[in-house]
Amino acid sequence: MDTDLGKFNTTRINLHRHSFKTPTVRFSAKTAPYMHNGVFATLAEVVDFYDRGGGSGLGFDLPNQTLPADALHLTVAEKKALIAFLKAL
(Lines give C-alpha, C1' and ligand atoms only; values in the text may rest on other atoms or scores of the structure.)
Protein backbone atom coordinates (compact mmCIF):
# COMPACT_ATOMS: atom_id res chain seq x y z
CA MET A 1 0.00 0.00 0.00
CA ASP A 2 1.19 3.50 -0.80
CA THR A 3 2.55 5.42 2.20
CA ASP A 4 1.02 8.70 0.96
CA LEU A 5 -1.59 9.70 3.55
CA GLY A 6 -3.33 12.05 1.11
CA LYS A 7 -5.52 14.85 2.44
CA PHE A 8 -4.70 13.74 6.00
CA ASN A 9 -1.28 15.36 5.58
CA THR A 10 -3.04 18.73 5.38
CA THR A 11 -6.04 18.36 7.69
CA ARG A 12 -4.84 15.80 10.27
CA ILE A 13 -8.43 14.47 10.34
CA ASN A 14 -8.47 10.65 10.47
CA LEU A 15 -11.39 10.46 8.04
CA HIS A 16 -9.09 12.03 5.41
CA ARG A 17 -6.37 9.36 5.78
CA HIS A 18 -5.57 8.04 2.26
CA SER A 19 -8.15 10.43 0.76
CA PHE A 20 -7.39 11.96 -2.64
CA LYS A 21 -9.18 14.35 -4.97
CA THR A 22 -11.08 12.54 -7.71
CA PRO A 23 -10.20 14.16 -11.04
CA THR A 24 -12.48 14.42 -14.02
CA VAL A 25 -12.52 11.49 -16.45
CA ARG A 26 -12.49 13.90 -19.39
CA PHE A 27 -9.35 13.32 -21.48
CA SER A 28 -8.50 10.33 -19.27
CA ALA A 29 -7.14 8.40 -22.26
CA LYS A 30 -4.41 11.04 -22.52
CA THR A 31 -3.48 11.37 -18.86
CA ALA A 32 -1.58 8.16 -18.03
CA PRO A 33 -0.21 7.07 -15.66
CA TYR A 34 -3.29 6.67 -13.48
CA MET A 35 -4.15 6.90 -9.79
CA HIS A 36 -2.65 9.44 -7.39
CA ASN A 37 0.68 7.62 -7.41
CA GLY A 38 0.83 6.61 -11.08
CA VAL A 39 0.67 2.89 -10.27
CA PHE A 40 -1.34 1.97 -13.41
CA ALA A 41 -0.07 2.60 -16.94
CA THR A 42 -3.28 1.79 -18.85
CA LEU A 43 -7.02 2.30 -18.59
CA ALA A 44 -7.41 -1.48 -18.75
CA GLU A 45 -5.44 -1.78 -15.50
CA VAL A 46 -7.63 0.85 -13.85
CA VAL A 47 -10.84 -0.84 -14.96
CA ASP A 48 -9.52 -4.19 -13.71
CA PHE A 49 -8.63 -2.61 -10.33
CA TYR A 50 -12.17 -1.28 -9.86
CA ASP A 51 -13.71 -4.48 -11.25
CA ARG A 52 -11.94 -6.37 -8.47
CA GLY A 53 -13.30 -4.05 -5.74
CA GLY A 54 -10.48 -1.54 -5.46
CA GLY A 55 -7.89 -1.85 -2.72
CA SER A 56 -10.23 -3.51 -0.26
CA GLY A 57 -11.29 -6.01 -2.91
CA LEU A 58 -7.62 -6.88 -3.37
CA GLY A 59 -7.23 -7.53 0.35
CA PHE A 60 -5.71 -4.24 1.51
CA ASP A 61 -6.91 -2.96 4.90
CA LEU A 62 -8.42 0.40 3.87
CA PRO A 63 -10.89 1.51 6.54
CA ASN A 64 -11.69 4.78 4.74
CA GLN A 65 -12.30 3.30 1.28
CA THR A 66 -15.75 4.47 0.16
CA LEU A 67 -15.80 2.09 -2.80
CA PRO A 68 -17.58 -1.19 -2.06
CA ALA A 69 -15.10 -4.08 -1.91
CA ASP A 70 -17.41 -6.32 -3.94
CA ALA A 71 -16.18 -7.40 -7.37
CA LEU A 72 -18.20 -6.02 -10.28
CA HIS A 73 -17.76 -9.17 -12.40
CA LEU A 74 -17.58 -7.19 -15.63
CA THR A 75 -17.35 -9.23 -18.81
CA VAL A 76 -14.53 -8.71 -21.30
CA ALA A 77 -17.01 -6.94 -23.59
CA GLU A 78 -18.18 -4.65 -20.78
CA LYS A 79 -14.59 -3.73 -19.91
CA LYS A 80 -13.85 -2.95 -23.56
CA ALA A 81 -17.00 -0.84 -23.82
CA LEU A 82 -16.10 1.08 -20.66
CA ILE A 83 -12.60 1.79 -21.95
CA ALA A 84 -14.00 2.88 -25.33
CA PHE A 85 -16.38 5.24 -23.49
CA LEU A 86 -13.50 6.74 -21.48
CA LYS A 87 -11.50 7.23 -24.67
CA ALA A 88 -14.47 9.04 -26.25
CA LEU A 89 -14.48 11.66 -23.51
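Residues numbered from 1 in each chain as written. Predicted model: local features only at pLDDT ≥ 70, side-chain atom pairs only at ≥ 80, totals over all residues. Heavy atoms only, no water.

Asker: Requested: an account of the packing of aromatic side chains, with residues and values cited.
Answerer: The geometry of an aromatic ring pair is captured by two quantities: the separation of the ring centres and the angle between the planes. For the structure on display, the rule yields two aromatic pairs. Arranged with centres 5.3 Å apart and planes meeting at 50°, the rings of Phe 40 and Phe 49 form a pair that is tilted. With a centroid separation of 5.1 Å and 75° between ring planes, the pair formed by Phe 49 and Tyr 50 is classed as edge-to-face. Judged by its relative accessible area of 34%, Tyr 50 is partly exposed. What links up through ring pairs into an aromatic cluster is the set Phe 40, Phe 49 and Tyr 50. Cation over ring: Arg 17 sits above Phe 8, and NZ or CZ is 4.0 Å from the ring centre. (Phe/Tyr/Trp six-rings, centres within 6.5 Å; stacked < 30°, edge-to-face > 60°. Buried < 20%, exposed > 50% of the residue type's maximum accessible area, 1.4 Å probe, protein only. Lys NZ or Arg CZ within 6 Å of the ring centre and 35° of its normal.)

Asker: Give a detailed account of the pattern of salt bridges, specifying residues and quantitative values.
Answerer: Applying the stated rule across the entire model yields three salt bridges. Between Asp 51 and Lys 79 there is a salt bridge; the shortest N-O distance is 3.3 Å. Of this pair, Asp 51 sits in helix 2 (residues 43-51) while Lys 79 is found in helix 4 (residues 76-88), placing the two residues 28 residues apart along the sequence. Since its relative accessible area comes to 8%, Asp 51 is described here as buried. Here Lys 79 falls in the partly exposed class, since its relative accessible area comes to 22%. (Salt bridge = Lys/Arg side-chain N within 4 Å of Asp/Glu carboxyl O. Helix = DSSP H or I, 4+ residues; strand = E, 2+ residues; numbered from the N terminus.)

Asker: Tell me about the layout of surface pockets, and please be specific about residues and values.
Answerer: In this structure, the largest pocket occupies an estimated 1,600 Å³ of space. Residue assignment for the lining of the largest pocket shows that the elements contributing at least two residues are helix 2, helix 3 (54-57) and helix 4. For the lining of the largest pocket, the leading source of residues is helix 2, giving five residues. Of the residues belonging to the lining of the largest pocket, the class tally is 24 nonpolar, 15 polar and four charged. (1 Å grid on protein atoms, 1.4 Å probe; cavity = no way out; pocket = protein on both sides within 12 Å on 5 of 7 lines; lining within 4 Å. Points joined across faces, edges and corners; volume = space filled by probe spheres on them. Nonpolar A, V, L, I, M, F, W, Y, C, P; charged D, E, K, R; others polar.)

Asker: Give me the lowdown on helix 2, citing residues and values where you can.
Answerer: Those residues of helix 2 that sit buried are Leu 43, Val 46, Val 47, Phe 49 and Asp 51. Where helix 2 is buried, its residues meet helix 3 and helix 4. Positive backbone phi, at 100°, marks Gly 53, one or two positions downstream of helix 2. (Contact = heavy atoms within 4.5 Å.)

Asker: Describe the side chain of Ser 28, with residues and values.
Answerer: Relative to the assigned elements, Ser 28 resides in the loop between helix 1 (8-11) and helix 2. Residue classification places Ser 28 among the buried positions, given a relative accessible area of 9%.

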